[in-house]
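An overview of the molecular structure
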Number of protein chains: 2
Amino acid sequence: MHRFRITELNEGAFQLRGQERDHLVRVLRLRPGQELLGFDNSGREWLARVEKIDEDCVTCSILAVREPQVEARLQAYLVIGLTKGEKMEWVIQKGTELGMAGLLPLRAGRSVLRLEGKKAAERTERWRKIAVEAAKQSRRVIEPTIAPVSHWQEIKRLLPEETQCLIAYEGETSRRLLAVMEELDPVKPVAVIIGPEGGFEEAEVAWAEQSLKALPVSLGSRILRAETAALAALTLVLGYGGDLG
Amino acid sequence: MHRFRITELNEGAFQLRGQERDHLVRVLRLRPGQELLGFDNSGREWLARVEKIDEDCVTCSILAVREPQVEARLQAYLVIGLTKGEKMEWVIQKGTELGMAGLLPLRAGRSVLRLEGKKAAERTERWRKIAVEAAKQSRRVIEPTIAPVSHWQEIKRLLPEETQCLIAYEGETSRRLLAVMEELDPVKPVAVIIGPEGGFEEAEVAWAEQSLKALPVSLGSRILRAETAALAALTLVLGYGGDLG
């Protein structure tokens, strides 16, 4: 059944407007009487029926509401140095499938991709659409947040206050990510910080250790591409947290 | 430094022919005196110097040999139902980065992609090239084996004899992959069996349980695409085995 993001919830009904409306009407061609599912990032999911299709909105009546146990209990964030090409899209899509709570694109020292001002805002909007679509396909009820493209200092402000940070660093040879998971508080959020191609500069790691209390961790003895490292780290964190199986 | 796969190892030297030679000469344009690294899937790595470039081969003198600790200790195999598009290529590339020992493409009941005869052989060759390239980029010294496209019965014959099999199945709701890892023998190979889009048929899972002694495992409460499931399962197996960090 098709899924839609609800922004206007009323008593017994909700309206879909803008892109959600257009997608329903023009692409999926749903008609009055047909059923669909809606979510609003609260954790709830609504079974609803299309009642009325107007020029600017679709009205749906609510048939049932439930709270599916589909979201990860562990709030896992991915901080990732801007990387080129489609890698960010790929990471957003698969990170959403895996169950991440949010992704924070970081202007890392060695990021080849530079995004500023309007271009950064446009790219962030595109990434948010990818996140919503991926959430729908994964049948999640809370879409992951995609933060604005940020510098290190902004990352600190954007992460939830008690976030336990792990920074993947090739210079770290002994501290294993899974071993660190055993020492963390299981109810507080975890953020994995992944560098761009070329990795992090020593000064960045030192700053993260100092200001984010980040623990450098190793992802093993093989060279991982940035996107592989991002997904591997998320998988290990969510897997250890009991959320991937 | 560039890496090459060695097939002709002699006393104090080796020859590179065919595609390895052509890549060295025409693409990378290495010249006598330049250094390179070679591997032959034995676990060893050779530091060598180009001595002589001929029409059909390049002769390299060996400067040093070592056994880098770069390969995973746990032999992790991925059995994956044939999937469409570029997904197999991604999985081979990223599975190689993660450290898998081999990949076995499976003709699953619900595989939309059908590969037979000559087409299957050609595709397998292409996948093997991708595996070699990914091994080089990851600085691995043993390239993962890519099996011929196989039916279930052939999978049984192709996997090492003591392989402990785990089959990812949406019908399994309680047995978690990481929990199962605790019960496995850490020195024997592990294979994760991942279905195509559409998953496995009940009869396939039953056969795998019966004939491969496969344990059905859950990869969590969210829908994962085949390629995401494959990489997540490999990551959890290799991560638990201590090979990813």
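Preceding this section is the structure that the text describes.
The structure reproduced in this document is the subject of the present report. (Residues numbered from 1 in each chain as written. Chains lettered and ligands numbered in written order. Predicted model: local features only at pLDDT ≥ 70, side-chain atom pairs only at ≥ 80, totals over all residues. Heavy atoms only, no water.)

Another point: the packing of aromatic side chains. Taken as a whole, this structure holds five aromatic pairs over all chains when the rule is applied. Measuring from centroid to centroid gives 6.1 Å for Trp90(A) and Trp90(B), while their planes differ by 90 degrees, and the two rings are edge-to-face. Residue Trp90(A) is found in helix H2 (residues 87-98), and its partner Trp90(B) is found in helix H2 (residues 87-98); the two belong to separate chains. Among the residues examined, Trp90(A) registers a relative accessible area of 12% and is labelled buried. Owing to a relative accessible area of 28%, Trp90(B) belongs among the partly exposed residues under this scheme. Here Trp152(B) and Trp207(B) contribute two aromatic rings whose centre-to-centre distance is 5.8 Å and whose plane-to-plane angle is 50 degrees, an arrangement assigned as tilted. Of this pair, Trp152(B) sits in helix H4 (residues 152-158) while Trp207(B) sits in helix H6 (residues 202-211), placing them 55 residues apart in sequence. Judged by its relative accessible area of 23%, Trp207(B) is partly exposed. Each member of the aromatic cluster is reached from another via a ring pair, and the members are Trp152(A), Phe200(A) and Trp207(A). The ring of Trp90(A) carries the charged tip of Lys94(B) above its face, separated from the ring centre by 5.2 Å. (Phe/Tyr/Trp six-rings, centres within 6.5 Å; stacked < 30°, edge-to-face > 60°. Helix = DSSP H or I, 4+ residues; strand = E, 2+ residues; numbered from the N terminus. Buried < 20%, exposed > 50% of the residue type's maximum accessible area, 1.4 Å probe, protein only. Lys NZ or Arg CZ within 6 Å of the ring centre and 35° of its normal.)

This paragraph deals with the sheet that holds strand S6 (residues 57-66) of chain B. Residues and elements named next belong to chain B. The mixed open sheet is built from six strands, whose spatial order is S1-S4-S5-S6-S3-S2. The open sheet has two edge strands, strand S1 (3-5) and strand S2 (8-9), and neither has a second partner. Strand direction decides the pairing type here: strand S4 (residues 35-39) and strand S5 (residues 45-53), joined by five bridges, are antiparallel. Across the sheet, the residue bridging to Glu35 is Arg49, located in S5. (Pairing = 2+ DSSP bridges.)

This part is about the relation of the copies chain B and chain A. The transformation that overlays chain B on chain A combines an axial shift of 0.0 Å with a rotation of 180 degrees, and the residual RMSD is 0.0 Å. Those values place the two copies in the arrangement expected of a two-fold rotation axis. When C-alpha positions in chain B are compared against the rotation axis, the closest is assigned to Leu236(B), at 3.1 Å. Take the interface residues of chain B: 97% of them recur as interface residues in chain A, which is what a same-surface contact looks like. (Least-squares fit on C-alpha atoms with pLDDT ≥ 70 in both. Contact = heavy atoms within 4.5 Å.)

What follows is about the pattern of salt bridges. Residue and element names in this part refer to chain B. With the rule as written, the count across this model stands at 48 salt bridges over all chains. Arg3 is the partner of Glu45 in a salt bridge, and the nearest nitrogen-oxygen pair spans 2.5 Å. With Glu45 in strand S5 and Arg3 in strand S1, this residue pair connects regions lying 42 residues apart in the sequence. Judged on exposure class, the residue Glu45 and its partner Arg3 are both buried. (Salt bridge = Lys/Arg side-chain N within 4 Å of Asp/Glu carboxyl O.)

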